[in-house]
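# Descriptive analysis of the structure
Residue-level listing of the chains:
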Amino acid sequence: MMYRTSAVARVSAPPSRAGPSRSIHLVALMLLLSVAAIANAQTVKLQRTDSLAPAVPRADSGRTATDSAASTTKAAAALPKWFDELAVNAFVSTAYVYNSDRPATGTNSYRVFDFSDNSFNLDVAEVVVQIAPSKPNDAGFRVDVVAGNSIPQISKSQDQTVTQFDLQQAFASYIAPIGSGLRFDVGKYVTHLGYEVIEGYDGYNDNYSRSILFGYAIPFTHTGVKASYAFSSKVAAMFEVVNGWDLVRDNNHSKSLGAQLTLTPIAPFSVLLNWIGGPELANDNHTTRNVFDLVAILKPTKTLTLGVNGDYGIEDGTSAVKPGSDATWKGIAGYATLAVTNKFSVALRGETFRDEGGVRLGTGTKATLSEGTFTPAYKFTDHVVLRGEVRFDKANQPILTKRATLSDKQTTVGANVIFVY
């Protein structure tokens, strides 16, 4: 502003040999008065601005748009690089199940997660935070925190007392630069056995209820370390050392071993051979339990998926039917899912499970339990799915609760809504 005032002050009329006339004097005087008025106004404006300014400059005072942009870029650059790789997802499942046998206990017999009769239920609410490694030298982690009235109560570790909350998974991962990449996972993670999953944002089953094999033939989770390696697109393997079945802290001084071999001879067909073995009884390092699990999946067309799951288990000398003999259990389940449209699908499941040692179902006798399930599903969006279900269970003896007595049959009808984000 001072520069402008000086420039105006230096403006003058052309010189005249006769000297300045009266009109020139008048014009000059008017120009000087104008310049003085402008200068005075600018000075007052600056003084007001200065008088309103705080003693300590604010963060945004005296900054240009360029300065602000630079500061924002600097702040973003200050965030650690791994922050960009962090993923947060969520999964919620809620349902209603009605049992025509109306068990007096309000509990459906031999159901894994859908055990509440005639009740709206929050099965699970899950939040997953993770950084997923994808190539050699990558490191990451995953944490699954779940809460709810059904799934956490059953899938939680045996040595956990809180029933409606569970740290379902919590493990760190590293891919060593060996060949195509040898992956290590250390911590707590879901089991590798079985066709069905516990369910979460990255995977849910075609049926709402879980199979008998899922609940009574195999474990839910393990705590330990596992190594996975893909030899090719057709062969992959995994080996693990864990505390045992559904334990965060081991209940004896021996570890259990597990393995998986995945074969994909052709793209539409895959076979998984699973095994876990080791002492599982508390304070017992010698009574060994082994389970062999087979999963085969065939996708003959784009809309049809077929699956089969077979299990065989044996535990040394723990039979309740013949004391001193080995307890054995075996079962097989078949699956078929047809995508009628890109939104509507139907799924069928049939299975039978034989508890020959009387320990897995807890009957103390040789018991056979079978079931058939029909599940239609409608996907409103990629985030919202509605599933209905009709299921019929049949036992070879009256072990299913019917009102205040026992029956060999059980029929349930249910509806389930899941939200995936």
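The following refers to the structure shown. Only a predicted model underlies this, so the values are computations on that prediction, with no experimental measurement involved. (Residues numbered from 1 in each chain as written. Predicted model: local features only at pLDDT ≥ 70, side-chain atom pairs only at ≥ 80, totals over all residues. Heavy atoms only, no water.)

### Overview of the pattern of salt bridges
Under the counting rule described, the total for this entry stands at 20 salt bridges. Note that Asp166 is salt-bridged to Lys188, the shortest N-O span being 3.2 Å. Linking Asp166 in strand 4 (residues 165-176) with Lys188 in strand 5 (residues 182-190), this pair joins segments that are 22 residues apart in sequence. Look at Lys188 and you get buried, because its relative accessible area is 7%. A salt bridge links Lys330 to Glu356, with the nearest nitrogen and oxygen atoms 3.6 Å apart. Remark: Glu356 occurs in the loop between strand 13 (344-355) and strand 14 (367-379) and Lys330 occurs in strand 12 (residues 327-339); sequence separation between them is 26 residues. Residue classification places Lys330 among the partly exposed residues on the basis of a relative accessible area of 31%. Overlapping salt bridges, with partners in common, bring together Arg111, Asp114, Glu196, Arg349, Glu371, Arg391 and Asp393 in one network. (Salt bridge = Lys/Arg side-chain N within 4 Å of Asp/Glu carboxyl O. Helix = DSSP H or I, 4+ residues; strand = E, 2+ residues; numbered from the N terminus. Buried < 20%, exposed > 50% of the residue type's maximum accessible area, 1.4 Å probe, protein only.)

### Focus on unusual backbone geometry
Unlike most non-glycine residues, Asn283 shows phi in positive territory, near 60°. By secondary structure assignment, the location of Asn283 is in the loop between strand 9 (269-279) and strand 10 (288-298). For Arg403, which is not glycine, the phi torsion reads 55° and is therefore positive. Here Arg403 is to be found in the loop between strand 16 (400-402) and strand 17 (405-407).

### Re the side chain of Arg391
With respect to the helices, strands and loops of the structure, Arg391 is situated in strand 15 (residues 384-395). In this structure the side chain of Arg391 is engaged in a polar contact, spanning 3.1 Å, whose partner is the side chain of Ser209. Within polar-contact distance, the side chain of Arg391 engages the backbone oxygen of Arg210 at 2.9 Å. Setting aside residues no more than four positions away along its own chain, Arg391 makes contact with Tyr110, Arg111, Ser209, Arg210, Ile212, Arg349, Glu371, Gly372, Thr373, Gln410, Thr411 and Thr412. (Polar contact = N/O pair within 3.5 Å; in protein donor to acceptor, adjacent residues only side chain to side chain. Contact = heavy atoms within 4.5 Å.)

### Focus on the layout of surface pockets
Its boundaries defined by the atoms lining it, the largest pocket holds a volume of some 920 Å³. For the lining of the largest pocket, the secondary structure elements donating two or more residues are strand 3 (139-147), strand 4, strand 5, strand 6 (221-230), strand 7 (235-242), strand 8 (256-266) and strand 9. Of the residues assigned to the lining of the largest pocket, the class counts are 18 nonpolar, 12 polar and 9 charged. Estimated volume of the second largest pocket: approximately 570 Å³. Lining of the second largest pocket is provided by 29 residues; of these, Tyr204, Asn205, Asp206, Thr337 and Ser345 occupy positions nearest its centre. (1 Å grid on protein atoms, 1.4 Å probe; cavity = no way out; pocket = protein on both sides within 12 Å on 5 of 7 lines; lining within 4 Å. Points joined across faces, edges and corners; volume = space filled by probe spheres on them. Nonpolar A, V, L, I, M, F, W, Y, C, P; charged D, E, K, R; others polar.)

### Quick word on the environment of Val143
You can see Val143 is positioned in strand 3. Along the primary structure Val143 and Gly187 are separated by 44 residues, whereas in three dimensions their C-alpha atoms are 9.9 Å apart. Not counting the four nearest positions on each side in its chain, Val143 is found in contact with Val127, Val128, Val129, Leu167, Gln169 and Ala170.

### Here's the deal with the nonpolar core
With 26 residues, the main nonpolar core has Tyr110, Val291, Phe353, Leu361 and Leu369 as its most contacted residues. Secondary-structure elements contributing two or more residues to this core are helix 5 (212-216), strand 9, strand 10, strand 12 and strand 14. Those residues in contact with Leu369 that lie beyond four places of it in its chain are Tyr110, Ile212, Glu351, Thr352, Phe353, Leu361, Lys394, Ala395 and Leu400. Counting 14 residues, the second-largest nonpolar core is a separate cluster that includes Phe91, Ile198, Tyr201 and Phe214. (Core = buried A, V, L, I, M, F, W, Y, C linked by side-chain atoms within 4.5 Å.)

### Some details on the side chain of Thr287
Relative to the assigned elements, Thr287 resides in the loop between strand 9 and strand 10. Residue classification places Thr287 among the buried residues on the basis of a relative accessible area of 14%. Separated by 2.6 Å, the side chains of Thr287 and Asp284 make a polar contact. Thr287 has contacts with Gly278, Pro279, Glu280, Leu281, Glu315, Asp316 and Thr318, leaving out every residue within four places of it along the chain.

### Some details on a nonpolar patch on the surface
A cluster of nonpolar residues, Tyr174, Phe184, Val186, Val225, Phe239, Val241 and Leu257, forms a patch on the protein surface that exposes about 530 Å² of accessible area. Topologically, Leu257 is positioned in strand 8. (Patch = residues over 30% accessible without salt bridge, like charges linked within 9 Å, V, L, I, M, F, W, Y side chains within 5 Å. Areas by Shrake-Rupley, 256 points an atom, 1.4 Å probe, with all protein chains shown as cover.)

### So, the packing of aromatic side chains
For any two aromatic rings, the description comes down to two numbers: the centre-to-centre distance and the angle of the planes. A full pass over the atoms with the stated rule returns 9 aromatic pairs. Measuring from centroid to centroid gives 5.8 Å for Phe113 and Phe214, while their planes differ by 75°, and the two rings are edge-to-face. Placement of the pair is Phe113 in the loop between strand 1 (87-99) and strand 2 (119-131) and Phe214 in helix 5, with a sequence separation of 101 residues. Among the residues examined, Phe113 registers a relative accessible area of 4% and is labelled buried. Overall, the relative accessible area of 6% leaves Phe214 in the buried class. Members of the aromatic cluster, connected to one another through ring pairs, are Phe113, Phe214 and Phe220. (Phe/Tyr/Trp six-rings, centres within 6.5 Å; stacked < 30°, edge-to-face > 60°.)

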